[in-house]
Amino acid sequence: MPAQHDRLCPTPEVADALTEGKPVVALESTVISHGMPYPRNLETARALEEVIRAEGAIPATIAVLDGRIRIGLDDEALERLATGGPSVMKLSRRDLPVALANGAIGATTVAATMIAARLAGITVFATGGIGGVHRGAETSFDVSADLTELARTGVCVVCAGAKSILDLAKTLEVLETYGVPVLGYGTDEFPAFHSRRSGLPVSHRCDRAEEVAAILEAKWSLGLEGGVLLANPIPEEDALDAAEMEEAIGHALAEAGRQGISGKAITPFLLAALERITGGRSLTANVALIRNNAAVAARVAKAYADLSRKK
Ligand code: PSU
Ligand code: MN
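Residues numbered from 1 in each chain as written. Chains lettered and ligands numbered in written order. Predicted model: local features only at pLDDT ≥ 70, side-chain atom pairs only at ≥ 80, totals over all residues. Heavy atoms only, no water.

Caption draft 1: The layout of surface pockets, seen in detail. The computed volume of the largest pocket comes to approximately 640 Å³. The wall of the largest pocket is formed by 36 residues, among which K90, G131, S144, D146 and T267 lie closest to the centre. The biggest single contributor to the lining of the largest pocket is helix α12 (residues 266-277), with 4 residues. The residue inventory of the lining of the largest pocket, partitioned by class, reads 13 nonpolar, 14 polar and 9 charged. (1 Å grid on protein atoms, 1.4 Å probe; cavity = no way out; pocket = protein on both sides within 12 Å on 5 of 7 lines; lining within 4 Å. Points joined across faces, edges and corners; volume = space filled by probe spheres on them. Helix = DSSP H or I, 4+ residues; strand = E, 2+ residues; numbered from the N terminus. Nonpolar A, V, L, I, M, F, W, Y, C, P; charged D, E, K, R; others polar.)

Given below as structure tokens:
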């Protein structure tokens, strides 16, 4: 049963699907408003919903509009998020109450989308890459709230790993400390977003959606709080060369340093810089991997719904 909450506003389709125990996949909106340029962001947002439907699940893109958390967006809402530029707030856990109280328009990060999904009763969420421990965090203390959210909120997040703008080894260490299972989908290695490999192991490999669903069921039936990270590598044909990306990331980080960018602005800044440096190829890869994650998330949501029905 979906939760009732006066700040939550699911579409009738999503509300019905949740009541009937049908598979639903949550999608975030920061990637639309701050992760990709217009019009690719809008095209991608629409395409992700289609991919999820084609797999037999219901998509629910999440954002804050007019003082409410919207679970499932119509095309007009998607367009507002895609074209709003800097007027759209980037909302993580700390920003959610402010945006709601002020009636602002806000795009939810992985952390905030997890919170909203959990409140609505959605268990599977597809994104591109999660936030993590930034390079140099030992002096900047910049660790994304996405990691703390994974520690506390029971949602399965399907991602393509994390970009190596982050320190992936430290990110995995923090996830281990927080007790978050990091499952590799068809891989033993944590993928590095644009490339399939990072050289770092995942905690467990799963080759089928049913295995993932069984782990989710076991974790939550035990009352273990917190999420599960399913790391799904970018398709081989869309992957970019790791050494080339490393060089591009070096340039992007240096540029951020010169301009003194920090805090919540750093991730969007680096994404835009990478796109410029790679002549748009990082964006093409980003679109391909998110689509792939949406399809896998739909399969996991279906497998989990099947398990829940049998209980
Ligand atoms: N990484 C990406 N693309 C993105 C993001 C991260 O490759 O769009 C977004 C996600 O919404 C993620 C957020 O939750 O950035 C992390 O921001 P921060 O590091 O400020 O927590
Ligand atoms: Mn940060």
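Caption draft 2: Geometry of the packing of aromatic side chains. On inspection of all chains with the given rule, the structure shows 1 aromatic pair. Here W220 and Y304 contribute two aromatic rings whose centre-to-centre distance is 5.9 Å and whose plane-to-plane angle is 85 degrees, an arrangement assigned as edge-to-face. Placement of W220 in helix α10 (residues 209-221) and of Y304 in helix α13 (residues 281-310) is noted, with a sequence separation of 84 residues between them. For Y304, a relative accessible area of 15% gives the class buried. Its end group placed over the ring of F193, K163 keeps NZ or CZ at 3.5 Å from the ring centre. (Phe/Tyr/Trp six-rings, centres within 6.5 Å; stacked < 30°, edge-to-face > 60°. Buried < 20%, exposed > 50% of the residue type's maximum accessible area, 1.4 Å probe, protein only. Lys NZ or Arg CZ within 6 Å of the ring centre and 35° of its normal.)

Caption draft 3: Structural context of the nonpolar core. Formed by 110 residues in total, the largest nonpolar core has its most connected members in I71 and L229. Looking at this core, the element that brings in the most residues is α13, giving 14 residues. Leave out the neighbours within four places in its chain, and L229 touches I130, L150, V157, C159, L175, V180, P181, V182, L183 and F190. (Core = buried A, V, L, I, M, F, W, Y, C linked by side-chain atoms within 4.5 Å. Contact = heavy atoms within 4.5 Å.)

Caption draft 4: Examining empty space enclosed by the protein more closely. Inspection of the entire model under this criterion finds 2 cavities of 30 Å³ or more. Here the largest cavity is characterised by a volume of approximately 70 Å³. In terms of lining, the largest cavity is formed by G35, K163, H194, L271, L274, E275, S282, L283 and N286. Secondary-structure elements contributing two or more residues to the lining of the largest cavity are α12 and α13. By residue class, the composition of the lining of the largest cavity is 3 nonpolar, 4 polar and 2 charged. Roughly 40 Å³ of internal volume is contained in the second largest cavity. Mapped onto the lining of the second largest cavity, the elements with two or more residues apiece are α2 (30-33) and α3 (40-54). Counting residues per element, the lining of the second largest cavity draws most heavily on α3, which supplies 4 residues. For the lining of the second largest cavity, the per-class residue count stands at 6 nonpolar, 2 polar and no charged.

Caption draft 5: Quick peek at the side chain of S164. Secondary-structure assignment places S164 in the loop between β8 (156-159) and α9 (168-177). In this structure S164 touches R135, A192, E246 and I249, once residues within four positions along its chain are discounted.

Caption draft 6: A look at the pairing of strand β11 (residues 228-231). Along β11, one buried face is formed by V228 and L230 and the opposite face, lined by L229 and A231, is buried too. Examined bridge by bridge, β8 and β11 share 4 bridges and lie parallel to one another. Looking at β11, one finds that V157 is bridged to L229. Pairing geometry for strand β9 (residues 182-185) and β11, over 3 bridges, is parallel. Paired with G184 across the bridge in β11 is A231. (Pairing = 2+ DSSP bridges.)

Caption draft 7: Fine view of the pattern of salt bridges. As enumerated under the stated definition, the model contains 22 salt bridges in all. Across the pair R40 and E43 runs a salt bridge, and its minimum N-O distance is 3.8 Å. Separated by 3 residues within a single helix, R40 and E43 lie in helix α3, roughly one turn from each other. For E79, the salt bridge identified is with R46, shortest N-O distance 3.9 Å. Note that E79 is positioned in helix α4 (residues 75-83) and R46 in helix α3, a separation of 33 residues in sequence. A residue is classified by how much of its surface remains accessible, and E79, at 35% relative accessible area, is partly exposed. One connected set of salt bridges, linked through shared partners, spans R46, D75 and E79. (Salt bridge = Lys/Arg side-chain N within 4 Å of Asp/Glu carboxyl O.)

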